[in-house]
Structure formats: C-alpha cells, structure tokens
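What follows is each chain in one-letter form.
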Amino acid sequence: MSATPQQNALRSEKSRRAMEEARRWIPGGVNSPVRAFGGVGGEPPFISRAAGARVMDVDGNEYVDLVGSWGPMILGHAHPAVVEAVQAAAARGTSYGAPTELETELARTVVSRLPGVERVRFVNSGTEATMSALRLARAATGRDKFVKFEGCYHGHGDAFLVQAGSGALTLGVPTSPGVPGPVVADTLLASYNDLASVEALFAAHPEGIAAVIVEPVAGNVGCIPPEPGFLEGLQDLCRKHGALLILDEVMTGFRVARGGARERFGVPGDLVTLGKIIGGGLPVGAYAGPAAIMDQVAPAGPVYQAGTLSGNPLAMAAGLATLRTLGEAGNYDRLEALGARLEAGMQEAVGRHSGKLAFQRVGSMFCLYFRSGPVRNYQDALQSDTKAFARYFHGMLRRGIYLAPSQFEAGFLSLAHTEDDVDRILEAGADALAEALGS
Ligand code: PMP
C-alpha cells in the first residue's frame, strides 16, 4: 500500500507536471471544469487508480474517496462484479450499433424498481437525458415554456444554462456565452423549496407551461432536501395546469433509495431522468416514464432522439452489474447507517463551531456548509464562506480525505466505505475544521 498523505506530507510533483502538460492540450487541463480546483485553489491530484473506497494519485498518495466519480461509484471502485461484467462484454466487442439483449435486461431492471415507469430510453450522459426529456415534454404538451429552479443543475444543455441572479428571477438570462438569448427565453426560474414562486409562474403564463424540472434533492448546490410538501406541491401544480413534472434523478436515482427519490419522498413525477449509477461508472444516462408519453419517442413516435453509442454493451453491462449488486438485501440500510454515523459525528463538529457550519444529508449524500443552517435554497447556499471551505478542503486532502473541490457539491458514501473510514473522516474533519475556522 502506498503511504497515506498524513504519514508523508502530500507529494504533488508528478501531479503538477501532469497538469502542466494537460493544459497544453486540453482547455484548462480538464474535461469537466470543477476538476481543475478553481473553487478551492491549488492543483488537482492526477488519479492513477482506484479500488473500493480509495483513490490513488500518480505521486503515490492514497485517499478515502468521498467523490465517487460524482455519484456513480455507489459500490465502490473496481467492484469485482462490475469489472468482470465489463471485461466479459469487451471481449464480445465494444459496440455494434444494433439492438442487444443487455439493453432490454437493464431496461427491465430499471422499470422493475420504478413503479409507474414503463419504458426507458438509454443515452450517454445525464445532459442528454434531461435535454431529451425536455424535448419530449414539450412535444407531449405542445408547449415551449418550462420551469427550473435556481441552483439546480440539469447538465449543460443550452436551455438549462440559466441560473440568474435575484433580479432576473422570472426572466431567462444565459449563464454562459454562446447560449443565445432566444434559446433560454422559455426557461422560467423558480426558487427551490418555494411553491409560491412556481405558482406565480403558472399564473403569469396562461399560454401554458410544458414542464417543471427539479432535482428532488438539490445536489448541485451541496445537499438540500426538499421540504415536506414541496415535491407533492409541484406534482399537484403540474397536474392542475397540464404540465409534466420531470424528476431529474441523475444524482438521486438508485442512491437515496432503491427506487430513488420518487420512492423516498413518495412523489413519482411524470418523467424521470437517470444517469451516474445506472452506468456503474461508464457513460450512461436515461429518461423514462409511462408508455403513453415515452412511446412518442422515435421510432415508436415522432419525437426524434438518437445516439451512435447509446445502449453501449460495456455501459449496459456495468450498469446491470451495479444495479444487481446494489439491489441485494440490506444495502440501502447499510448506506443509511453509514450516512447516519457520519452525520452524528459531523453534527458534533457543527456544535463545536456554533453558527459557522451546517451539515445536511439525505441517505448517503451530504454536504457540510460553511454557514449556519438550514440551507433551503440556492441563495442560502451562496452565503457560505467559500474561503473557509477551501482551507478545510485542503486540510482534508492533506489528511488523506478526498472531498469534492467545491462548497457547492454533494459528497457521496459508498458500500465500500467502512465504519472505520467514517471515523477516520470525522477525525480528520475535526482537525481540518479547527484549522480552517481558526479555533
Ligand atoms: N442532472 C443532475 C441532477 C446532475 O447532477 C448532473 C451531473 N452532475 C446532470 C444532470 C448532468 O449529467 P452529466 O454530467 O452526466 O451530463
């Protein structure tokens, strides 16, 4: 085993050189922006290997991983069932562009865990899933406008790239250059956990709204649970106004319960988008729902959506192995227990640093905010002390704990984490917090 960072000061020479080289060829050196450590400063470790709950970097440091590839690795890294399934699939050919029984098998498995869902279409990412679900919702309702919530992330499809400041709460303003104003003109913004803000949008748009899309747990501004009644209220409003409720379960699907957030919170939505865990660490997304809506997708219906690598056999094999293993008895209880153990320790820390921290958790996803709680929405999350978070983050990294490099991301536990791992995280956390908060 390589030395853990707390035994040796963090070695970083090779990672620094790797980043320098990467920047010559890849914009910012990374293929997804948060990886570059812009939110916390410093240079990211380059990962060479991962196993179970650990990731190893090119300098020989080893970390307890709380990122889990941003959600997919709920079994832990390189789980034997997944590795075996992928290897066996690869030996049979990596892509055919033709139907396979593996796709049906994964679709049947997904449907069996999500009551009310009858059809699944596989795509290659969460971004594709939400783009396609929105197109379908617009086609099914014959309306263009849709509601998203400030701070909710649904991938980088143009229409979703609106977060906007408070001044533009009901007016779509693109977050990124390159997104034309007209493309987001039908994107309406509401405030998370605030039903009145959604009601106001329905009232202001009598021409009709196609859909409301929501992360049932807001996991892209940390971890914000839906308040009791919020999701139910969205479902009621959608029913009343003939709009579709799209639950974006790319992060929460198969994580917060066997049947995802729709099971945990008892709100089924009309369409559901999936990703991360259903690919077991390979690139997969999906959108799903009742046959009456889903059969409007080509070639069953007129709503076009396609993909050269969609339903890729390696990805299907990884997803199937992951869902089968995850579905074994006791696994969600175990994730809940690990989460509760982490929370108990973290709440002690929150108590020690009274007024400066809030710990929020849903099952095995969580966030430690550097502000007092509760954090109910995007605006609340924005008031976090990101400088203190950055100090904490680096303190944790030095102690061998790999957190997401941003205050506005959820952490993830996996079935590979042990009670000892959790205790080690808490121990490191106590020291790193004392350092970061100067107490
Ligand atoms: N929806 C949600 C809720 C997500 O968390 C993410 C990614 N974090 C996406 C959509 C986009 O998925 P992808 O990165 O696979 O395109």
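Cut-offs used in this document
Residues numbered from 1 in each chain as written. Predicted model: local features only at pLDDT ≥ 70, side-chain atom pairs only at ≥ 80, totals over all residues. Heavy atoms only, no water. Helix = DSSP H or I, 4+ residues; strand = E, 2+ residues; numbered from the N terminus. Rg over C-alpha atoms; globule rule 2.2 N^0.38 Å. Buried < 20%, exposed > 50% of the residue type's maximum accessible area, 1.4 Å probe, protein only. Contact = heavy atoms within 4.5 Å. Domains from an automatic or database assignment. Buried area = accessible area lost by both parts, 1.4 Å probe. Salt bridge = Lys/Arg side-chain N within 4 Å of Asp/Glu carboxyl O. Polar contact = N/O pair within 3.5 Å; in protein donor to acceptor, adjacent residues only side chain to side chain. Nonpolar A, V, L, I, M, F, W, Y, C, P; charged D, E, K, R; others polar. Near = heavy atom within 4 Å. Areas by Shrake-Rupley, 256 points an atom, 1.4 Å probe, with all protein chains shown as cover. Phe/Tyr/Trp six-rings, centres within 6.5 Å; stacked < 30°, edge-to-face > 60°. Arc of directions from axis to C-beta. Pairing = 2+ DSSP bridges. Axes fitted to C-alpha atoms, helices over the stretch in contact; angles between N-to-C directions. Core = buried A, V, L, I, M, F, W, Y, C linked by side-chain atoms within 4.5 Å.

## Some thoughts on the overall build of the chain
Scanning the chain from N- to C-terminus turns up 14 helices and 14 strands. Here the C-alpha radius of gyration of the chain, 21 Å, is about what a compact globule of 439 residues would show, namely 22 Å. Scored against the burial criterion, the 439 residues of the chain give a buried share of 55%. Taking the contacts inside the chain whose residues are at least 6 apart along the sequence as the reference set, 71% of them involve residues at least 24 apart.

## Regarding the domain arrangement of the chain
Its domain assignment divides the chain into domain 1 (13-78 + 330-437) and domain 2 (80-326). Centre-to-centre, using C-alpha coordinates, domain 1 lies 25 Å away from domain 2. Each partner contributes to the interface: domain 1 provides 33 residues, whereas domain 2 provides 37 residues. Summed over both sides, the interface between domain 1 and domain 2 buries roughly 2,800 Å², with carbon and sulfur atoms accounting for 60% of that surface. Inspection of the domain 1/domain 2 interface yields two salt bridges. At the boundary of domain 1 and domain 2, one finds 15 residue pairs in polar contact (both at pLDDT 80 or more). Listed by contribution, the elements that provide at least two residues to the side of domain 1 that touches domain 2 are α11 (331-352), β11 (358-362), β12 (365-369) and α12 (378-382). Across the side of domain 1 that touches domain 2, the residue classes tally to 21 nonpolar, eight polar and four charged.

## What about the site of the ligand?
Neighbouring residues of the ligand: S125, G126, T127, Y153, H154, G155, E215, N220, D248, V250, M251 and K276. In the model, an oxygen atom of the ligand is placed 2.9 Å from a nitrogen or oxygen of the G126 main chain. For the ligand, the accessible surface in isolation is 390 Å², of which the surrounding protein chains cover 81%. In the shell around the ligand, the residues fall into three nonpolar, six polar and three charged.

## With respect to the packing of aromatic side chains
Tallied over the entire structure, the rule returns 11 aromatic pairs. Measuring from ring centre to ring centre gives 6.3 Å for F389 and F393, while their planes differ by 35 degrees; the resulting arrangement is tilted. With F389 and F393 both in helix α13 (residues 386-398) and four residues apart, this pair spans about one turn of that helix. Members of the aromatic cluster, connected to one another through ring pairs, are F37, F370, F389, Y392 and F393.

## Topic: helix α6 (residues 195-204)
Residues lying three or four places apart along an α-helix face the same way, a consequence of the helix completing one turn every 3.6 residues. When we look at burial in α6, the residues that qualify are S197, V198, L201 and F202. Down the axis of α6, the smallest arc covering the buried residues is 140 degrees, so these residues share one side. Residues of α6 that are exposed and angled more than 90 degrees away from the buried face: A203 and A204. The N-cap of α6, judged by a side-chain oxygen 3.2 Å from the amide nitrogen of A196 a few residues on, is D194.

## Some thoughts on the pattern of salt bridges
Taken as a whole and judged by the stated rule, the model has 19 salt bridges. Of the charged contacts in the structure, one is a salt bridge between R334 and E419, with a shortest N-O distance of 3.0 Å. On the criterion of sequence distance, the pair formed by R334 in helix α11 and E419 in helix α14 (residues 419-437) is long-range, its members being 85 residues apart. With a relative accessible area of 27%, R334 lands in the partly exposed category. With a relative accessible area of 32%, E419 lands in the partly exposed category. In this structure, R398 and E435 form a salt bridge, with 2.8 Å as the shortest nitrogen-oxygen distance. Here R398 is found in helix α13, whereas its partner E435 is found in helix α14, with 37 residues between them in sequence. Given the relative accessible area of 42%, E435 is considered partly exposed. Linked through salt bridges whose partners overlap, the residues forming this network are R264, E336, E343 and R361.

## As for the sheet that holds β12
The strand order across the open sheet formed by three strands is β11-β12-β14, and the pairing between neighbours is antiparallel. Looking at the sheet topology across the chains shown, the edges are occupied by β11 and β14 (411-412). Two strands pair when backbone bridges link them, and β12 and β14 are joined in this way by two bridges, in the antiparallel orientation. Along β14, the bridge assignment pairs F366 with G411. Where α11 meets the sheet, it contacts β11 and β12, and its direction lies at approximately 170 degrees from that of β11.

## Thoughts on the nonpolar core
For soluble globular proteins, nonpolar side chains are generally found buried alongside one another. Ranked by size, the top nonpolar core spans 39 residues in total, and within it F149, V212, V214, L234 and M365 carry the most contacts. The element that contributes the greatest number of residues to this core is helix α7 (residues 230-241), accounting for five residues. No fewer than three residues from each of domain 1 (13-78 + 330-437) and domain 2 (80-326) sit in this core. With residues up to four places along the chain from it excluded, the contact list for L234 reads F149, L195, V198, V212, V214 and L245. Formed by 37 residues, the second largest nonpolar core is a distinct cluster that contains V40, L342, L397 and L426.

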